[in-house]
Amino acid sequence: MFTIGVLASGKGSNLQAIINQIESGFLKVKIGVVLSDNPQSYALEIARSHGISAIFIEPGKYKTFLQPEQEVKYVKCLEEHNVELVCLAGFMRVIKKNFFNSYSGRIINIHPSLLPSFRGLEAWKQALQYGVKFTGCTVHFVDEGIDTGPIILQAVVPVLDNDTPETLHQRIQEKEHIIYPIAIKLIAEGKVKIEGRRVIIDED
Ligand code: GAR
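The rules behind the values
Residues numbered from 1 in each chain as written. Predicted model: local features only at pLDDT ≥ 70, side-chain atom pairs only at ≥ 80, totals over all residues. Heavy atoms only, no water. Buried < 20%, exposed > 50% of the residue type's maximum accessible area, 1.4 Å probe, protein only. Helix = DSSP H or I, 4+ residues; strand = E, 2+ residues; numbered from the N terminus. Contact = heavy atoms within 4.5 Å. Pairing = 2+ DSSP bridges. Axes fitted to C-alpha atoms, helices over the stretch in contact; angles between N-to-C directions. Near = heavy atom within 4 Å. Polar contact = N/O pair within 3.5 Å; in protein donor to acceptor, adjacent residues only side chain to side chain. Areas by Shrake-Rupley, 256 points an atom, 1.4 Å probe, with all protein chains shown as cover. Nonpolar A, V, L, I, M, F, W, Y, C, P; charged D, E, K, R; others polar.

Participant: A description of helix α1 (residues 13–23) should follow, citing residues and the corresponding values.
Facilitator: Where α1 is concerned, the buried positions are S13, N14, L15, A17, I18 and I19. In the core, the buried residues of α1 are packed alongside β1 (3–7), β2 (30–36), α2 (42–49), β5 (107–111) and α6 (165–188). Just downstream of α1, G25 is the residue with a positive phi angle, here 95 degrees.

Participant: Tell me about the sheet that holds strand β4 (residues 85–88), and please be specific about residues and values.
Facilitator: Taken together, seven strands build an open sheet; the order of strands is β3-β2-β1-β4-β5-β6-β7 and the sheet is mixed. In this open sheet, the two strands that pair with only one neighbour each are β3 (54–56) and β7 (151–158). Recorded for the sheet is a direction-independent mean angle of 20 degrees between the axes of neighbouring strands. Summarising the sheet, β4 and β5 pair through three bridges and their orientation is parallel. Bridging from a neighbouring strand, C87 pairs with I108 of β5.

Participant: So, the site of the ligand: which residues are in play, and what are the values?
Facilitator: As a matter of local geometry, the ligand sits amid 13 residues, with G12, S13, N14, H169 and E176 nearest to it. E176 has a polar side-chain atom sitting 2.7 Å from an oxygen atom of the ligand. Here the ligand loses 93% of its free accessible area of 450 Å² to cover by the protein chains. Going through the elements one at a time, α1, β5 and α6 are the ones with two or more residues in the shell around the ligand. Residue composition of the shell around the ligand, by class: three nonpolar, eight polar and two charged.

Participant: Any chance you could break down the side chain of Q67 for me, citing the residues and the numbers?
Facilitator: Structurally, the position occupied by Q67 is in the loop between β3 and α3 (68–80). Classification of Q67 by relative accessible area gives buried; the value is 14%. Contacts of Q67, omitting those with residues within four sequence positions, involve P59, G60, K61 and Y62.

Participant: Residue-level account of unusual backbone geometry, with values.
Facilitator: At the junction of L115 and P116, the peptide bond is cis and its omega measures out at 15 degrees in the coordinates. Examined against the element boundaries, P116 turns out to sit in the loop between β5 and α5 (123–130). The phi torsion at F118 lies on the positive side, around 60 degrees, for a residue other than glycine. Turning to its location among the elements, F118 is positioned in the loop between β5 and α5. Look at F118 and you get buried, because its relative accessible area is 13%.

Shown next, in the form of structure tokens:
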């Protein structure tokens, strides 16, 4: 079966959404391994409670990316678990060279804004501060930039006058949990093609 690996740093709600869609039969993939740079990440608990290998790998001395020797360990571990597609689900570090050597074009991410607006951290706060009326979430391929890779799927979320960062992020996450499993399913079924910056989805 098509095998994915999930990398998460935080609470793991996207991992949970992926697991739910596997268990419902909608998503016919296997999660080979869940990796985290944070030993407290609830994603590790979620994985273990579903019988999925869950491993903390020390990130090393930098804050925003993995120390290169450590990055090699992440990639090795993914390969050892036969991972074909790497899914970043709230993994808060920039992916670097060692990943692209092995998984170029096979890494995807969920980002909490309508890219290319509001790249980087806490994109829902950036959207509120800017005053946009609509924001949302984006599933995209990961390239060597920050949140710049070809866009696979997006969903729109209106910004309400009484939104706080928390309420807006929560509504964005509801959409993330819908579109991320759909994007993974499309890739697993071989329906996604990259043409330059555009991602073409073969709907049959
Ligand atoms: C999600 O909202 C995801 O879009 C965001 O982190 C959250 C993780 O939530 N990712 C980024 O901001 C990446 N730049 P989760 O741990 O509940 O899945």
